[in-house]
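If you want the building blocks of each chain, they are given just below.
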Amino acid sequence: LFTLTNSTVQNSRGNAGGGLYITGGINRIEQSTITNNESVQFSGGGLIIREDAHLTIDQSSIISNTATARGGGVRVNNASYLTITNSTLYGNHALISGGGLYANDGTIAIINSTLSQNRADDDGGAIYGGTTIDLIYATIVSNTAVSGSGDGIYINGSPAVALTSTLLGNHADE
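Read on for an overview of the structure.

Even without glycine at this site, S64 takes up a positive phi of about 55°. By secondary structure assignment, the location of S64 is in the loop between strand 10 (61–63) and strand 11 (66–67). For S64, a relative accessible area of 29% translates into the label partly exposed. In the Ramachandran plot, Q117 falls in the positive-phi region, its phi being about 60° despite a non-glycine side chain. Mapped onto the fold, Q117 is located in the loop between strand 18 (114–116) and strand 19 (119–120).

Spelled out as structure tokens, the structure:
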């Protein structure tokens, strides 16, 4: 069990999971900020969760993180579970896909949260999804997919459920 409360993770660099690298277990980030971190070789500029990890992010901000590959803000893989509530993913950048969030498998729920000003050089300015993503009262606004598709959301062959959510002013150059 890992809990991060009322904390800041900033200006860190790593091969994967620039700010945090979480594997397995039941984990929680609350009332915290993850900012200006960088994944210099792989994915998850702000953080990566994998190996069947369960993570809840509540009342937190993931801001201005960069990934050399996927998931500028957050990368989810290896059948992990992510719930984001009352939080913001803002100004994150992925040099490939998923500026704010990249999830190729696992289960994702984004509730009453905002993804804005995120950028991917390829697909999925805010979100790149290859898994089920539930969006409930989510706002996805002003994100950019520079040379790809899905300025707000790019879904790769998996269902996404958008319930009472808002998508505005997103911009894909392709």
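Having seen it, we continue.
It is worth spelling out the environment of G129 at this point. As for its placement among the helices and strands, G129 is situated in strand 20 (residues 127–129). Residue classification places G129 among the buried positions, given a relative accessible area of 0%. With 26 residues separating them in the primary sequence, G129 and I155 have C-alpha atoms 4.8 Å apart. Those residues in contact with G129, other than ones at most four positions away along the chain, are A103, Y154, I155 and N156.

This part covers the pattern of salt bridges. The final tally for this structure, using the stated rule, is 5 salt bridges. The closest approach of N and O atoms between E38 and R13, which form a salt bridge, is 3.5 Å. In this pair, E38 is assigned in strand 7 (residues 38–39) and R13 in strand 3 (residues 13–14), connecting sequence segments 25 residues apart. Since its relative accessible area comes to 29%, E38 is described here as partly exposed. For R13, a relative accessible area of 62% corresponds to the exposed category. When the shortest N-O distance is used, the salt bridge between E30 and R28 registers 2.5 Å. The exposure class assigned to E30 is partly exposed, which follows from its relative accessible area of 21%.

Turning next to the nonpolar core. Within the largest apolar cluster, 28 residues are counted, with the highest numbers of intra-cluster contacts made by L47, L82, I110 and I127. Among the elements of the structure, strand 4 (20–23), strand 8 (47–50), strand 9 (54–58), strand 12 (74–76), strand 13 (81–85), strand 16 (101–103), strand 17 (107–111) and strand 21 (132–136) are those that each provide at least two residues to this core.

Next up on the list: the pairing of strand 4. The side-chain alternation of strand 4 yields one buried face, formed by L20 and I22, and one unburied face, formed by Y21 and T23. Both strand 4 and strand 8 contribute to a ladder of 4 bridges, which runs parallel. For T23, the partnering residue across the bridge sits in strand 8 and is R50.

Before going further, it helps to spend a moment on the sheet that holds strand 20. Read from one edge to the other, the open sheet built from 6 strands follows the order 4-8-12-16-20-24, with strand pairing classed as parallel. The outermost strands of the open sheet, each flanked by one partner alone, are strand 4 and strand 24 (153–155). Across this sheet, the average inter-strand angle for adjacent strands is 10°, counted without regard to direction. Strand direction decides the pairing type here: strand 16 and strand 20, joined by 3 bridges, are parallel. Among the inter-strand pairings, L101 is bridged to a residue of strand 20, identified as I127.

Calculation rules
Residues numbered from 1 in each chain as written. Predicted model: local features only at pLDDT ≥ 70, side-chain atom pairs only at ≥ 80, totals over all residues. Heavy atoms only, no water. Helix = DSSP H or I, 4+ residues; strand = E, 2+ residues; numbered from the N terminus. Buried < 20%, exposed > 50% of the residue type's maximum accessible area, 1.4 Å probe, protein only. Contact = heavy atoms within 4.5 Å. Salt bridge = Lys/Arg side-chain N within 4 Å of Asp/Glu carboxyl O. Core = buried A, V, L, I, M, F, W, Y, C linked by side-chain atoms within 4.5 Å. Pairing = 2+ DSSP bridges. Axes fitted to C-alpha atoms, helices over the stretch in contact; angles between N-to-C directions.

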